[in-house]
Amino acid sequence: MNRKNNKRVLVCVLAAGAGVHQQASAIDINAAVRAIGSYQLDGPADLGLLGGKSEDNFFLDVAPRVLIQIDNSWTGYLRGRAFLPTGSVVDTADTQINQQRKVKSFVKLDEAWLQYNGLTNYPGESVRFGHQLMRQNDTTWISQDADAAQWVVDTTLLKANAGIVHQFSSYRSDGIPLPASQRDRLYGFATFSRDWSTEHSIGVRALHASDLKNLPGVGSTVSESPKLEDSNLTWIGLFAENRYFERRRSKPVAYWADVTYLSGNTNVATRGSGGFINNIRPQNISAVASTVGVRVRPFEFPVAFGSAYAYSGGGGKSQYQQSGLQGNVTNFTGTPTSIYLYNSALGAELGNLRVATAYASYRTELYDASLIYQNFQKDDARVAITANRVVAATNGTSRDVGNGVDFVLSRYFRTLNTSGKLTDGADVVRQEPMSTVRLRASIFDPGKAYGPGADLNYRVTLETILWWF
């Protein structure tokens, strides 16, 4: 081969190499680690009625994640988690499946999904499938890591999504299975909202849950942790808001209002001695729940004042229940800090419950604080409520559940962040993730529904959150 041909070959090789380099460089990989070190002190969950004692623990929660931008159309995301407590504690992560049981150390897959943006030319449209963070702003319907496929449209004036959810596994190294209520259950959901004025929107949403396996018959023997409920339930709701849950600086007046109608039927089996099913009770459901919240920030001060009221029907056919995908943790006080909606020391869920809330919050660039007071009443005194942090039973004669106070104080520190894409859920970051030191303190003062002799319950958490990019 002569010298001239050698030059031609060299040019071709270099050109091909440059093409390969450009194709490889199109893949953009960003990685980050969030670590939380916490000390948590819990009061007796039995309110002192059954001899329970307070408990305290330290734990480390490490969550690495990586976002892979494959090309303009495809994105991949992985997020894991290692939970390392000094003892047995209830996992309190916001988006975990509702499992109120004590655990020790474990490793978990939180998210693993692919997203495709090239289905249409519509801006803000995408399809995402895999194990992913499912979240609605108020978190009372959906806010969990789940196996799902969903279609999303997110534009300035219009937001919509639709999809299906089916939990296949808890993806945990300790082998803890899915809660019985989530086994063999299929969800379908859809949401549509549109701005009718600048940053004022109105929307409609629907969620259907169907259990895929029938209950065992009367006389059948069941396992130690059986699924004892077979349900077909549909939630239909309307909502209106003006960025009430927005993490950016809140508006002078912000509001949220929703109403939900729950319809369907459920069959509940009871297990007798020896593990035999001795009865199956059918129940039709036609229940209502509603929430209204208003927050005012006067004169551009860094202080805001707000109030809210939540109602959920109780008793028989009118007994409301949440979907099982809810989180009930959101930033409703106008600060970046997410707080449990119905008192952290009580851990209440909607269903036979009325909650009146008043709060004040303070927010600057490096600090925020929230002080929240709540009063809890039953809708039907004869029916129990669901409270994840209190195991004592109510007496069935009084509606007075009690009062709760939450206080949260945060101090933020600047974090070097060049990607701006790696908060939980890999959503486009509305604010830069920042390392944080945070104090959470919650008290629940039980009312007459718990009878005489019930003591205060409390939860105090001191946490340090660090980000590495």
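Rules of the game
- Residues numbered from 1 in each chain as written.
- Predicted model: local features only at pLDDT ≥ 70, side-chain atom pairs only at ≥ 80, totals over all residues.
- Heavy atoms only, no water.
- Pairing = 2+ DSSP bridges.
- Helix = DSSP H or I, 4+ residues; strand = E, 2+ residues; numbered from the N terminus.
- Contact = heavy atoms within 4.5 Å.
- Phe/Tyr/Trp six-rings, centres within 6.5 Å; stacked < 30°, edge-to-face > 60°.
- Buried < 20%, exposed > 50% of the residue type's maximum accessible area, 1.4 Å probe, protein only.
- Lys NZ or Arg CZ within 6 Å of the ring centre and 35° of its normal.
- Core = buried A, V, L, I, M, F, W, Y, C linked by side-chain atoms within 4.5 Å.
- Patch = residues over 30% accessible without salt bridge, like charges linked within 9 Å, V, L, I, M, F, W, Y side chains within 5 Å.
- Areas by Shrake-Rupley, 256 points an atom, 1.4 Å probe, with all protein chains shown as cover.
- Salt bridge = Lys/Arg side-chain N within 4 Å of Asp/Glu carboxyl O.

Glancing now at the pairing of strand β20 (residues 400–413). With 11 bridges joining them, strand β19 (residues 367–378) and β20 adopt antiparallel strand pairing. When the bridges of β20 are listed, Y373 appears paired with V405. With 12 bridges connecting them, β20 and strand β21 (residues 435–446) associate as antiparallel partners. Bridge pairing in β21 places G404 opposite F444.

Let's shift gears to the environment of D195. Among the secondary structure elements, D195 is positioned in strand β10 (residues 185–197). Here the alpha-carbon distance between D195 and E241, two residues 46 residues apart in the chain, equals 9.4 Å. What D195 contacts, discounting residues up to four positions off in sequence, is T156, L157, H200, S201 and R243.

Next up on the list: the packing of aromatic side chains. By the definition in use, this model includes 12 aromatic pairs. Arranged with centres 5.3 Å apart and planes meeting at 35°, the rings of Y77 and W113 form a pair that is tilted. Highlighted residues: Y77 in strand β3 (residues 74–85) and W113 in strand β6 (residues 106–116), separated in sequence by 36 residues. With respect to class, Y77 is no different from W113; both count as buried. Members of the aromatic cluster, joined through ring pairs, are F239, Y244, F245 and W256. For R128, the ring lying beneath its charged end belongs to W113, and the centroid distance is 3.8 Å. Positioned above the aromatic ring of F413, the side-chain terminus of R411 is 4.4 Å from the ring centre.

A few words on the nonpolar core. By size, the foremost hydrophobic cluster in this structure holds 48 residues, and its most contacted members are Y342, L346, F376, F444 and Y450. Beyond its immediate stretch of four places on either side in the chain, Y342 contacts T140, A310, N328, G347, A348, L350, V355, Q374 and F376. Ranked by size, the runner-up nonpolar core spans six residues in total, among them F59, F83, V89 and I176.

Taken together, the side chains of L371, Y373, V405, F407, L409, F413, V437, L439, I443, L456 and L462 make up a nonpolar region of the molecular surface, amounting to roughly 880 Å² of accessible area. If you list the elements that add at least two residues to the nonpolar patch, you get β19, β20 and β21. Mapping F413 onto the fold places it in strand β20. Residue classification places F413 among the partly exposed positions, given a relative accessible area of 37%.

All right, on to unusual backbone geometry then. In this structure, L47 takes a positive phi of about 60° despite not being glycine. For L47, the position within the fold is in the loop between β1 (28–42) and β2 (55–69). The phi torsion at Y171 lies on the positive side, around 55°, for a residue other than glycine. Position of Y171 among the secondary structure elements: in the loop between β9 (158–166) and β10. Judged by its relative accessible area of 29%, Y171 is partly exposed.

A separate point is the pattern of salt bridges. Close approach of charged atoms allows side chains of opposite charge to pair. Inspection of the entire model under this criterion finds 18 salt bridges. Ionic pairing is found between D110 and K108, a salt bridge with its closest N-O pair at 2.9 Å. Both residues of the pair, D110 and K108, belong to the buried class. Between R382 and D380 there is a salt bridge, and its shortest N-O distance comes to 2.8 Å. When salt bridges with common partners are traced through the structure, they connect R79, K108, D110, E111 and D145 into a single cluster.

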